Amino acid sequence: MRRFSRRAHRAGLAPGTLKVTDTPPAHVPGIRIVDFDSAGLEERAGASLDDCLAGPREGTTRWIDVDGVHDAQLVTALGQHFGLHPLLLEDVVTVAQRSKVEAYGDATYLVVRMLQLDAAGAEVSSEQLSIVITGNTLISFQERPGDVFDGVRERLRAGRPRIRTGGPPYLAYALLDAVVDHYFVLLERIGDHIEVLEEALVSDPTPGTLSGIHALKRELIYLRKSVWPLREAISTMLREESLPFAGDLHVYLRDLYDHTVHVIETIESYRDLNAGMLDTYLSSASNRMNEIMKTLTIIATLFIPLTFLTSVYGMNFDHMPELHMQWGYPALWGVIVVASAWMLRLFRRRGWL
Amino acid sequence: MRRFSRRAHRAGLAPGTLKVTDTPPAHVPGIRIVDFDSAGLEERAGASLDDCLAGPREGTTRWIDVDGVHDAQLVTALGQHFGLHPLLLEDVVTVAQRSKVEAYGDATYLVVRMLQLDAAGAEVSSEQLSIVITGNTLISFQERPGDVFDGVRERLRAGRPRIRTGGPPYLAYALLDAVVDHYFVLLERIGDHIEVLEEALVSDPTPGTLSGIHALKRELIYLRKSVWPLREAISTMLREESLPFAGDLHVYLRDLYDHTVHVIETIESYRDLNAGMLDTYLSSASNRMNEIMKTLTIIATLFIPLTFLTSVYGMNFDHMPELHMQWGYPALWGVIVVASAWMLRLFRRRGWL
Amino acid sequence: MRRFSRRAHRAGLAPGTLKVTDTPPAHVPGIRIVDFDSAGLEERAGASLDDCLAGPREGTTRWIDVDGVHDAQLVTALGQHFGLHPLLLEDVVTVAQRSKVEAYGDATYLVVRMLQLDAAGAEVSSEQLSIVITGNTLISFQERPGDVFDGVRERLRAGRPRIRTGGPPYLAYALLDAVVDHYFVLLERIGDHIEVLEEALVSDPTPGTLSGIHALKRELIYLRKSVWPLREAISTMLREESLPFAGDLHVYLRDLYDHTVHVIETIESYRDLNAGMLDTYLSSASNRMNEIMKTLTIIATLFIPLTFLTSVYGMNFDHMPELHMQWGYPALWGVIVVASAWMLRLFRRRGWL
Amino acid sequence: MRRFSRRAHRAGLAPGTLKVTDTPPAHVPGIRIVDFDSAGLEERAGASLDDCLAGPREGTTRWIDVDGVHDAQLVTALGQHFGLHPLLLEDVVTVAQRSKVEAYGDATYLVVRMLQLDAAGAEVSSEQLSIVITGNTLISFQERPGDVFDGVRERLRAGRPRIRTGGPPYLAYALLDAVVDHYFVLLERIGDHIEVLEEALVSDPTPGTLSGIHALKRELIYLRKSVWPLREAISTMLREESLPFAGDLHVYLRDLYDHTVHVIETIESYRDLNAGMLDTYLSSASNRMNEIMKTLTIIATLFIPLTFLTSVYGMNFDHMPELHMQWGYPALWGVIVVASAWMLRLFRRRGWL
Amino acid sequence: MRRFSRRAHRAGLAPGTLKVTDTPPAHVPGIRIVDFDSAGLEERAGASLDDCLAGPREGTTRWIDVDGVHDAQLVTALGQHFGLHPLLLEDVVTVAQRSKVEAYGDATYLVVRMLQLDAAGAEVSSEQLSIVITGNTLISFQERPGDVFDGVRERLRAGRPRIRTGGPPYLAYALLDAVVDHYFVLLERIGDHIEVLEEALVSDPTPGTLSGIHALKRELIYLRKSVWPLREAISTMLREESLPFAGDLHVYLRDLYDHTVHVIETIESYRDLNAGMLDTYLSSASNRMNEIMKTLTIIATLFIPLTFLTSVYGMNFDHMPELHMQWGYPALWGVIVVASAWMLRLFRRRGWL
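Residues numbered from 1 in each chain as written. Chains lettered and ligands numbered in written order. Predicted model: local features only at pLDDT ≥ 70, side-chain atom pairs only at ≥ 80, totals over all residues. Heavy atoms only, no water.

A. Spotlight on the overall build of chain A. Along the backbone of chain A there are 10 helices and 7 strands. Expected size for 353 residues packed as a compact globule is a radius of gyration near 20 Å; at 34 Å, chain A overshoots this value by more than 25%. Counting only C-alpha atoms and orienting by the principal axes, one finds that chain A spans roughly 120 × 45 × 35 Å. Buried residues in chain A amount to 58% of all 353 residues. Counting only contacts in chain A whose residues sit at least 6 apart along the sequence, the fraction spanning at least 24 positions is 65%. Element-wise, carbon and sulfur atoms account for 56% of the exposed surface of chain A, whose accessible area totals about 14000 Å². Of the charged side chains in chain A, 35 are positive and 44 negative, and the gap between their average positions amounts to 6 Å. (Helix = DSSP H or I, 4+ residues; strand = E, 2+ residues; numbered from the N terminus. Rg over C-alpha atoms; globule rule 2.2 N^0.38 Å. Buried < 20%, exposed > 50% of the residue type's maximum accessible area, 1.4 Å probe, protein only. Contact = heavy atoms within 4.5 Å. Areas by Shrake-Rupley, 256 points an atom, 1.4 Å probe, with all protein chains shown as cover. Lys, Arg positive; Asp, Glu negative; His and termini not counted. Charge placed at Lys NZ, Arg CZ, Asp CG, Glu CD.)

What follows is the structure in structure tokens.
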């Protein structure tokens, strides 16, 4: 997961200049157009720019789904056709925005971070999703193909009444809802990961466990930074009367708001748990160190004095009367045994054994 | 205590689709209907869906108590009969909501986390309680049988005037009050647990004490996450005039609000105490380590130089005049005794003995 | 100091049921009635319930001071006579409330935690003080005899004009002021304690110092929990126009508010200092450990190689030419001295000596 | 620097009673009167109480500067003459208030903590400054002689128009400005101190460095507690229309407000830096410990096995064939050299050398 | 990077006195005047004070760019010509302000911290930028030559319509936008630095890594202190109607506001990452210590008892029957081998090998 954004080389340009960050254009932009009303739906994958500009029938809602914001020419053409503000277009192509909702004249601009797990559930890809609502058209921009909107398309095709007749604002809500629902998928995976780490902490903590904890921490910092501004944005959608999210959409947006707050609170709880795991690791490392030092101290305290004693009788003085006594050697063994027993008792009393 | 929710596999469905999380349906849903007014009370345990749909007499309050939200068919049928919003029903069956209160048209929806200790006081079970107020009916939903409302039922049967005549809003208050009162039961148990841990920390801290501290920490993180949003919800009940909690109910709700704040502040204090216990454990572990190292250092510092001395006179050089002196051996003992005494005095001065 | 409250066994009862927590009723409740106006004052210690019910003369302010809220009958009788709300009475007898002010119909209810040092200044007793203002009567409830109001009684008897003519609201202020002033007494004691601990930390830190720091931490957590809500309560008294604290009483209440904030800020500063003391302890423990390990390392590094050397010449090989040299033994001593000197220089360079 | 206040023995007195804290009255109170208008200025040091009571000419602003609030009689006399509220006078003589501004009837009361470095720049003295504005008179109270107002007096004498014609409110602003400017002097000294400590941390950390860090921490806690409430007070001066700081004074007060916020933010940054220094100290202590233990382990791991080897051949068994071999002794030396070399290589690989 | 400001020696002066902080005036102040309207642009580098005072043609916007605020005479002359408030001028020359926007009569004053990387990208220079808008003139003040405005000048010269016709308010926005864009350049460099440090932490942590972490921490504290107030300032520009930033400029300022919040949130994330890196370092240091101690303990526990055994048979008692046994020596070797094997197994079981 690439963590922090590159916005740098833009510095020095006029606000509103389209300058795409320098990732190589790995693919041709793909456009998918969906026109629908309560009666029917027409879907064109691989549409061209001209398709976009040829407006839909009166009373029809159009969803233009663009993959590949590195194509400045395409974005500019769309912007000119729909009369979008230069700052809006700049935000679309600068793929490191914080989530926000903003009215630029008649157009409403939403930007949000879309996080998705790959099929194997191991890798997270993070991408900026821009949604522009203008008239009866909704344009969604992202860089790479692949999104979390299959369910939304399913419902559109199935002809569910609410989504077919709700116009661009409801569609925008449906897209946001899909994005937030995928946050929960991610949180679930992280929850599983936390349980695995806690298991490992209790049974057999290794340096690998430690790197796992630190990696989790970085992941949570990134997630928090991605999700936190979304709450503010949805709150703006609910509060700002100039935005096109009025009437019965409010019930849906409040629901979405609650889910977002739920995501944030879960992230905060995970951060607390994460901090707790680090404490657990460090304190159990400290316990192990105590264990190791105790072993060393017991052995050294037991044998160093005894070795001193034996080394005394290994000296070669001419006059050492003990050496010549009949019972000297067994007596020394007696001393050794008694001293060892006494020390072991001492260790036991101190709780070292 | 299962800690974090599974909401994941819902992602991709339309908002408002009923999809129950995949715990196996361990039991048939149970329904209990209580109809009451100031004059009398009728109670039917084991009621059927049809009983629910056959409305009560005019002027009567009905409480429908449903255990088993995994039965999507049942919930949908109730929802259609009472004209409930799809999003409301979705929240009922998705058993990992944060506490909130929300108006969906004429219906008022309350969701809260119900925590109860089992009979032995050892296990906590956590469950989502949904309360729907619509007309003169209150429906409470939960997944598993067993709740904290025996006291409320007792008072209903005993014919206490306030609860008999207060209608669904007062009944909802009474249920919430019972839920919050059980938080205090839980807090008391935790308070006892904290005292046991502090006792253990002072008298005989073991690695078990440490795991106890960490387990407590996780428990408090979970509790906090459960209770915190409730405060906001009750505050909304007091503030929002469109909700049916007006008039003299405000006195009761303010009282409930104060209790909730009290629970939250107690949890925060417990978290502080918990953090303090970890500090205590670590600093006493550090003290013990100091103690161990001091012992090792004293022994090693005392005997290693002496052993060097004796090993000198264990050498086999042909010309070692000391070895042949009459008083060599006793003189060496003298040196040993004097050196030991001097070192012991040094240790005592440094405060190591 | 008993730290956290027992509210548990109330769960399951109706809100507003009087159920006293189960401390044994160690004493008969005591009632003291003071009737006063600008002209005179009448005081009856050991009054009976009937004395309370026989109202004072018109234009007179009455202060009923009840010790012993475990007597539910007495509290209920007073409640009925003065028409107090059941929730109010429940709060009076449940002696673990957070501080608050609340209007229940005509009556105003204040609850606050009263902390007092015993005569020796060693023990803190903590008690719930409930104040009810209704008409021209103020009732103060607490569990144990003994309070911090001797100064207030003195001023009443001395006939100070402000307190004699201010009615129940001014009297309530005077009682709160006395309570808050005793917080300062407590803070001063804690301030002294902190200085003693800091002295000990600098001069001679022992494990006892450490327990002192941890005990202080727990005390501050408790204090904070007790005082924090009071600020909110006084702020409500100033803001809420339905409460009887209008007009020139505001000057006094603002002063009280400032004192409460001062108490809170001092507690926060103490908490910071306390955290700093723990850091100091741990870092000086780490310093001592470094000192100990340095000693061990110096001794071991000096003598272990030398002992190896001597043990070489203690071997019994038949062919060891050094042993038979004339100057072997003195030469070895030379090597020992030179090596020791070299190592000592090395230690000095590393700053270990 | 005496850190925390003594307010204790006041408890039990009526609010508004003048009881001075029990520092011995080390000096006679000094009074300095300055009368000025746009035309001229008259200054009397060592004035008497009677001088204060004999009012200035119409249209003249009077500044009464009192050193020595322990003289309750003097303060009471001034209070009676100017009709000041008893609570105001109580705050003047209780020299441990938090900074605030308060209107008591016609009089405005300001209290703030004045911090000054002594001439040598080593000691900080902390004192309570009370400012009372009533009519065309400003009275400033403090306990000890010596203040930070020489610059203000200079500008008064020099006849600067703004200060001569601004009346008591501008004078109060000028005094506060002088106080806040001296906070910057103090912050600069602390900034220098931080740089010295950081230098020491990098080059040669000693236990003295550690005490320096902890002392700095305590100083910052005290500073923070002193300055924080001032921001609130100045904000009140700007907001509260009943206070006499209207019109073009707002520009000056906003400037003062910004400076105060700047002081607070600098203190917070210093606290962060201070916490970082403690971390640095502890981690470099841990590094040194690692260094020490590495040395010990290398020596012990190298020589303990070798000593074992030599001690084997120091045994006196009758039948030890190795002892009688021609090349036994040189062969052993070979083993020793090879084993040492192998171990040194091992240490080098682990990065211990 | 010089971290904290010197404002000290100003104390004692009248508010509004121009006293420049005592850095030596290293250069003559440079003035650059740009006059422009939609039709054309005239640029004069190295202009004199008189050029500034000779006003531009009606309908033309003038940008006076002054490098060198140490020249109090120049600043005063400009101030008098444009009728600027003394406090404004004081803030211009006191180069350690927190960012703010303030209306002084007709003039609007903006102050912000300009951070730029040098060409090599290694050194950050930090400078105070003051912007004064008065009539159709914008004056920008800074101390040293060199700024981040080359892009703005480019666009002015290129005749971009928005900037040519937007007047001083749009120009001020463009300057602020350039400043904030350079924060991103700085953040990018810090992000790279964080990745290098994390790499080093994983592969080969050295004491140098640790100093890098601490240096980063100090840098982030400084950055935070610089940027945080800017958010407040821009929010004031949006909110305060008396300021000249009305109409369609709001869209631009909201965009700028979002960027500033983005900068702040990124700094906070970096701080979290930084704290995590310190934890990682310390826990891996603790791991290494464990490793070292384990080695020592294994060696000592293995060889110290064996050495004791051999030293027993190195004693010179007359009567030691074992010494004379035929198989004594090989038997002892057997004991040694068996004991070693047993201990190694023990170590392996404990996970030490």
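Let us keep going from here.
B. View of the packing of aromatic side chains. In the structure shown here, the tally under the stated rule is 52 aromatic pairs over all chains. The interplanar angle of 55° and the centroid separation of 5.3 Å between the aromatic rings of C:Tyr173 and C:Tyr252 together place this pair among those described as tilted. Highlighted residues: C:Tyr173 in helix H6 (residues 167–203) and C:Tyr252 in helix H8 (residues 249–312), separated in sequence by 79 residues. Under the relative-accessibility criterion, C:Tyr173 is labelled buried at 0%. By relative accessible area, which is 8% here, C:Tyr252 ends up buried. Look at E:Tyr170 and E:Tyr252: their rings are 5.5 Å apart centre to centre, the planes differ by 85°, and that puts the pair in the edge-to-face class. Of this pair, E:Tyr170 sits in helix H6 (residues 167–203) while E:Tyr252 sits in helix H8 (residues 249–312), and the two are 82 residues apart along the sequence. Note on accessibility: E:Tyr170 and E:Tyr252 belong to one class, buried. What links up through ring pairs into an aromatic cluster is the set B:Phe308, B:Phe317, C:Phe303, C:Tyr313, C:Tyr329 and C:Trp333. Of note, A:Arg224 hangs over the ring of A:Trp228, and the distance from its end group to the ring centre comes to 5.5 Å. Positioned above the aromatic ring of A:Trp228 is the side chain of A:Arg231, whose terminal nitrogen or guanidinium carbon lies 5.7 Å from the ring centre. (Phe/Tyr/Trp six-rings, centres within 6.5 Å; stacked < 30°, edge-to-face > 60°. Lys NZ or Arg CZ within 6 Å of the ring centre and 35° of its normal.)

C. The interface of chain A and chain B, seen in detail. Contacts between chain A and chain B engage 60 residues on the former and 65 residues on the latter. The largest contributions to the chain A side of the interface with chain B come from A:Glu188, A:Phe308 and A:Phe317, which together make up 12% of the buried area. Taken together, the links from chain A to chain B amount to 9 salt bridges. At the boundary of chain A and chain B, one finds 17 residue pairs in polar contact (both at pLDDT 80 or more). Counting only elements with at least two residues in the side of chain A that touches chain B, the list comes to helix H4 (150–158), helix H6 (167–203), helix H8 (249–312) and helix H9 (321–324) of chain A. When residues in the side of chain A that touches chain B are grouped by element, the largest group, 35 residues, is from H8(A). Here the residues of the side of chain A that touches chain B are counted per class, giving 23 nonpolar, 19 polar and 18 charged. (Buried area = accessible area lost by both parts, 1.4 Å probe. Salt bridge = Lys/Arg side-chain N within 4 Å of Asp/Glu carboxyl O. Polar contact = N/O pair within 3.5 Å; in protein donor to acceptor, adjacent residues only side chain to side chain. Nonpolar A, V, L, I, M, F, W, Y, C, P; charged D, E, K, R; others polar.)

D. A look at the relation of the copies chain B and chain C. Superposing chain B onto chain C requires a rotation of 72° together with a translation of 0.0 Å along the rotation axis, leaving an RMSD of 0.1 Å. What the superposition gives is, in effect, a five-fold axis relating one chain to the other. Of every C-alpha in chain B, the one belonging to B:Gly314 sits nearest the axis of rotation, 4.6 Å from it. Looking at the interface residues of chain B, only 15% of them are also at the interface in chain C, so each copy uses its own face. (Least-squares fit on C-alpha atoms with pLDDT ≥ 70 in both.)

E. Region of the structure containing the relation of the copies chain A and chain B. Overlaying chain A with chain B gives an RMSD of 0.0 Å, the required rotation being 72° about an axis along which the chain moves by 0.0 Å. Both copies present different contact surfaces, since only 15% of the interface residues of chain A are interface residues in chain B too.

F. Broad picture of the sheet that holds strand S5 (residues 107–117) of chain D. All names here are of chain D. If you walk across this open sheet you meet the 7 strands as S2-S1-S3-S7-S6-S5-S4, and the pairing is mixed. Each edge of the open sheet carries a strand with a single partner, namely strand S2 (41–45) and strand S4 (100–104). Shown here is a sheet whose adjacent strand axes are inclined to one another by a mean of 15°, direction ignored. Helix H6 (residues 167–203) contacts strand S1 (30–36), strand S3 (61–67), S5, strand S6 (124–134) and strand S7 (137–142) of the sheet and is inclined by roughly 25° relative to S5. (Pairing = 2+ DSSP bridges. Axes fitted to C-alpha atoms, helices over the stretch in contact; angles between N-to-C directions.)

G. Local environment of the sheet that holds strand S4 (residues 100–104) of chain E. Residue and element names in this part refer to chain E. Ordered by their spatial adjacency, 7 strands build an open sheet running S2-S1-S3-S7-S6-S5-S4, and the pairing between neighbours is mixed. For this open sheet the edge positions go to strand S2 (41–45) and S4, each flanked by a neighbour on one side alone. Recorded for the sheet is a direction-independent mean angle of 15° between the axes of neighbouring strands. Note that strand S3 (residues 61–67) and strand S7 (residues 137–142) share 6 bridges and pair parallel. When the sheet's bridge partners are listed, Ile 64 is paired in S7 with Ile 139.

H. Spotlight on the interface of chain B and chain C. If you look at the interface, chain B gives 61 residues, while chain C gives 65 residues. Carbon and sulfur atoms supply 59% of the area that chain B and chain C bury against each other, a total of about 5500 Å² over both sides. Taken together, the links from chain B to chain C amount to 9 salt bridges. Here B:Arg254 ties to C:Glu102 by a salt bridge, and the two come within 2.1 Å at their closest N and O atoms. Listed by contribution, the elements that provide at least two residues to the side of chain B that touches chain C are helix H4 (150–158), helix H6 (167–203), helix H8 (249–312) and helix H9 (321–324) of chain B. Broken down by element, the side of chain B that touches chain C gets its largest block of residues, 35 residues, from H8(B).

I. Seen up close, the pattern of salt bridges. Per the counting criterion, the structure on display carries 133 salt bridges over all chains. Taking the shortest distance from any N to any O, the salt bridge between C:Glu268 and C:Arg224 comes out at 2.7 Å. Taken together, the residues span a long stretch of sequence, with C:Glu268 in helix H8 and C:Arg224 in helix H7 (residues 207–239) at a distance of 44 residues. You can call C:Glu268 partly exposed: its relative accessible area is 25%. Since its relative accessible area comes to 28%, C:Arg224 is described here as partly exposed. What you see here is one network of salt bridges that share partners, running through A:Asp91, A:Arg98, A:Lys100, A:Glu102, A:Glu232, E:Arg254, E:Asp255, E:Asp258 and E:Glu265.

J. Representation of the environment of E:Val66 in the model. All names here are of chain E. Inspection of the secondary structure assignment puts Val 66 in strand S3. Separated by 77 residues in the primary sequence, Val 66 and Glu 143 place their C-alpha atoms 8.1 Å from one another. Sequence-distant contacts of Val 66, defined by excluding residues within four places in its chain, comprise Gly 30, Leu 74, Leu 78, Ile 139, Ser 140, Phe 141 and Gln 142.

K. Structural view of the environment of B:Leu273. All names here are of chain B. Relative to the helices and strands, Leu 273 is located in helix H8. Residue classification places Leu 273 among the buried residues on the basis of a relative accessible area of 2%. C-alpha separation for the pair Leu 273 and Glu 198, spaced 75 residues apart in sequence, amounts to 9.5 Å.

L. Layout of the pairing of strand S6 (residues 124–134) of chain B. Residues and elements named next belong to chain B. The buried fraction of S6 amounts to 10 of the 11 residues, a majority that puts the element mostly inside the structure. Strand direction decides the pairing type here: strand S5 (residues 107–117) and S6, joined by 10 bridges, are antiparallel. Across the sheet, residue Leu 117 finds its bridge partner in S6, namely Val 124. Here S6 pairs with strand S7 (residues 137–142) via 5 bridges, running antiparallel. Counterpart to Ile 131 in the pairing with S7 is Ser 140. Between S6 and S7, which pair antiparallel and follow one another directly, the connecting turn spans 2 residues, one of which, Gly 135, has a positive phi of 60°.

M. A look at helix H3 (residues 86–93) of chain B. With respect to burial, H3(B) is a largely interior element, 7 of its 8 residues being buried. All of the buried residues in H3(B) are B:Leu87, B:Leu88, B:Leu89, B:Glu90, B:Asp91, B:Val92 and B:Val93.

N. Fine view of the pairing of strand S2 (residues 41–45) of chain A. Residues and elements named next belong to chain A. In this structure, strand S1 (residues 30–36) lies alongside S2, joined through 5 bridges in antiparallel fashion. Each bridged residue has a counterpart across the sheet, and for Arg 32 the counterpart in S2 is Ala 45. The hairpin turn running from S1 into S2, its antiparallel successor, is 4 residues long.

O. Geometry of the confidence of the model for chain A. Residues and elements named next belong to chain A. With 92% of its residues at a pLDDT of 70 or more, chain A shows a mean pLDDT of 85. Ranking the helices and strands of chain A by mean pLDDT puts strand S7 (residues 137–142) first, with 93, and H9 last, with 84. Of the regions scoring below 50 in pLDDT, residues 1–10 engages in 34 contacts with residues more than four places distant in sequence or in other chains. For this predicted complex, the interface score ipTM comes out at 0.78, alongside a pTM of 0.83. (pLDDT = per-residue confidence, 0-100.)

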